[in-house]
Amino acid sequence: MIIEQNEEITLSEENGRVFIAITNDGYNLKKFDELTRKHTRLKVSNFLALKKALEHKSHDPIEVGSWIESMELEISEDKMEALLTIFESQTYIQENLAEIHSNIQKVLQEQRIIYGHRPIDLLSVKSGKTYIVAKGLPPEKGENAKVTYLDQAEKKPVVKEDGNTDFFDMNFIVEIKEGSWLGEKMPPQKGEDGINIFGESVPAELGDDIQLKYDTKSAYEVEEDGKTVLRSKTNGIIGVVNGVLSVQRHLVIDGDVGLETGSLTFDGSIRVKGTVMAGYSVIASGDISIEGKEGVNAAELIKSTEGDVYIKGGIFGRGVTKVEAYKNIFIKHANECTLEAKEDIHIGFYTLGSIIAANQILVDEHKGKIIGGKTIAVNSITAAYSGNSLERKTELIVQGIDRKILKENAKEKAEEMIKLQEKISNLNVQISHFNQLKNAMTVQQIAVFEQTKQKYNHLQVEIKEIDAEIQRILRTLRQPKDYHIHITKEANAGTIIQIGYKSSVLSSPTKGKFKIENGELNV
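Anyway, here's the lowdown on the structure attached to this text. (Residues numbered from 1 in each chain as written. Predicted model: local features only at pLDDT ≥ 70, side-chain atom pairs only at ≥ 80, totals over all residues. Heavy atoms only, no water.)

Thoughts on helix 4 (residues 97–110)
How we decide: Under the scheme used here, helices are H or I runs from DSSP no shorter than 4 residues and strands are E runs no shorter than 2 residues, and both carry numbers assigned from the N terminus. Given the number of residues in a helix, its expected span is that number minus one, multiplied by 1.5 Å. Note on classification: 1.4 Å probe, protein chains only; a residue is buried when its accessible area is under 20% of the maximum for its type, exposed when over 50%, partly exposed between these limits. By construction, the arc corresponds to the directions joining the helix axis to the C-beta atoms. We call two residues contacting when some pair of their heavy atoms lies within 4.5 Å.
Taking 1.5 Å per residue as the helical rise, helix 4 with its 14 residues ought to reach 20 Å, and the 20 Å between its terminal C-alpha atoms agrees with that figure. When helix 4 is considered as a whole, its buried residues turn out to be Ile100, Ile104, Val107 and Leu108. Along helix 4, the residues classed as buried sweep out an arc of 100° about the axis, all on the same side. Facing away from the buried side of helix 4 by more than 90 degrees, the exposed set consists of Ala98, Gln109 and Glu110. On its buried face, helix 4 is in contact with strand 6 (71–75), strand 7 (81–86), helix 3 (90–95) and strand 8 (130–135). Backbone geometry just after helix 4 places Arg112 at a positive phi near 60°.

Quick notes on the sheet that holds strand 7
Definition in use: When DSSP locates at least two bridges between a pair of strands, those strands are taken to pair. A fitted line through C-alpha atoms represents every axis, and for helices the fit uses only the stretch in contact; the resulting angles, taken between N-to-C directions, go from 0 to 180 degrees.
Taken in spatial order, the three strands of this open sheet run 6-7-8, and their pairing is antiparallel. In the strand order of this sheet, the two ends are held by strand 6 and strand 8, each with one partner. Sheet twist, expressed as the average angle between the axes of neighbouring strands with direction ignored, equals 25°. Inspection of the sheet shows strand 7 paired to strand 8 by five bridges, in the antiparallel sense. Its bridge partner lying in strand 8, Leu84 is registered against Tyr131. Relative to strand 6, helix 4 is tilted by about 35°, and along the sheet it contacts strand 6, strand 7 and strand 8.

What to know about the environment of Tyr280
As for its placement among the helices and strands, Tyr280 is situated in the loop between strand 22 (269–272) and strand 23 (281–284). A relative accessible area of 22% places Tyr280 in the partly exposed class. Put simply, Tyr280 and Val202 are 78 residues apart on the chain and 71 Å apart in space, counted from C-alpha to C-alpha. With residues near it in sequence (within four places) discarded, Tyr280 still touches Val257, Gly258, Leu259, Gly262, Ser263, Ala299, Glu300 and Leu301.

So, the nonpolar core
Rules: Side-chain atoms within 4.5 Å link the members of a nonpolar core, which is a set of buried Ala, Val, Leu, Ile, Met, Phe, Trp, Tyr and Cys residues.
Core analysis: the largest hydrophobic core is formed by 46 residues, its most contacted members being Ile302, Ile311, Ile329, Leu339 and Ile485. Here the element with the most residues in this core is strand 33 (residues 355–363); it accounts for four residues. The contact partners of Ile485, leaving out residues within four places of it in the chain, are Ile381, Leu396, Ile397, Val398, Ile497, Gln498, Ile499, Gly512, Lys513 and Phe514. Ile100, Val125, Val133 and Ala134 belong to the second-largest nonpolar core, a separate cluster that totals 17 residues.

Observations regarding the packing of helix 5 (residues 403–436) against helix 6 (residues 443–478)
Between two packed helices, what matters for the description is the angle formed by their axes and the separation of those axes. For clarity, the cut-off: The cut-offs work like this: below 35 degrees is roughly parallel, past 145 is roughly antiparallel, 65 to 115 is roughly perpendicular, and the gaps in between are oblique. Crossings are classed by handedness, with left-handed meaning an anticlockwise turn of the near helix from the far one by less than a right angle and right-handed meaning a clockwise turn. Charged means Asp, Glu, Lys or Arg here, nonpolar means Ala, Val, Leu, Ile, Met, Phe, Trp, Tyr, Cys or Pro, and polar covers whatever is left, Gly included.
Where helix 5 contacts helix 6, the two axes come as close as 8 Å, and the packing angle between them is 155°. Our classification of the angle between helix 5 and helix 6 gives roughly antiparallel. Handedness of the crossing formed by helix 5 with helix 6: left-handed. Here the contact of helix 5 with helix 6 is built from residues that sort into 18 nonpolar, nine polar and 10 charged.

In structure tokens, the structure reads:
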């Protein structure tokens, strides 16, 4: 087939191969480039031969490339798209619209593409550009599984309509019974099937599954009405430990902690409906709730190693009572006692002559008073009044944090946890080995087996404690650097205001939000 013939060249095609014969010595590469733009189906692949032919003005046909098909159809791997490239020139396409359209339909038919045909505007088609001529209907993924858990008690004082805070009726502990509903999971749903360009069904994916997170020792799953329901294995209180829902052990004291009960130490949560008598202690791993209206009078120690402490009636400490919480303390008033919390301390009425330390200390901003003693926070202190008209010495201190040191602490603890995890992994291998020999072990081997399990359990507890401390440090680092002391009504003379290393003793009553501005304390 002759593609182009004139007084200068003859361009011919045979079995898809393209040959050039030069009949005029004036023919050059520039003219050949114009030829390729005219004949867009010409693909030059032998540049060396072409260059040689032009230099030597070869009159014999020399193969320089190939004559490609008028159009090319490509099908995507997922069979959802057909992509067409037309190699004819735009002039040729516009002069032969009916033929091109017919050829497109013929190619689709030959490839058995029957679904999702998409017309293309042949008047604006560009040679060598790819166009979508068929597109399948993609499947729609199903809805993801949905998980719902029983709400825990919201441990914060209730703010009334008049702005006052109610510290008397906090819903601090939610008790549950064996078999109680703790949560549920709706399974992932099947989506809508799709159709590919060959008319074949494309199965839809199920939605993503979500696992119920719970402690298997205290809860179990059961299928009910097409969903997975989580129920309690025992009586207790709902809690979350390291992100896992659990039913924690719960001890209820109907009266007082005193002569009849002795001091209490309990692995779980404790609810005391009365009070803690003078000289007695309550120590628990979970939350502690002391609900007697008269409060606590000269008790020795009230301590939660993993949770919160709530004392409905406040404290008359007589200089001996100490309250410690791994998380928060909620209390009506604090009189001559020591309060320490790693997170926040909420006080309803007043603190008098007490030592208080926490991340944030919040004494009711409408009427709450801090009189005497030392109040130390990492981030902020808020109260309505500080000191009194007799100019009693009242120390308010916000320390701030050294972020560099905290980051180093978190890094060190993370490295420590990795080492402990390696030890646990080794112990796990040992335990698996012992389990295989369980029925043939000697007395001595059984003793070693039990010791290994104890080490394993101890390390697990240690890892959880380190992880909790790392998370606490990270929460602290995420907090904004708004270190301040906010006295909303009156800070009396005798109040010591200290932010970081800057401090000032008030000589006259004032109020406001005290903080460091331009390197100085704004008192």
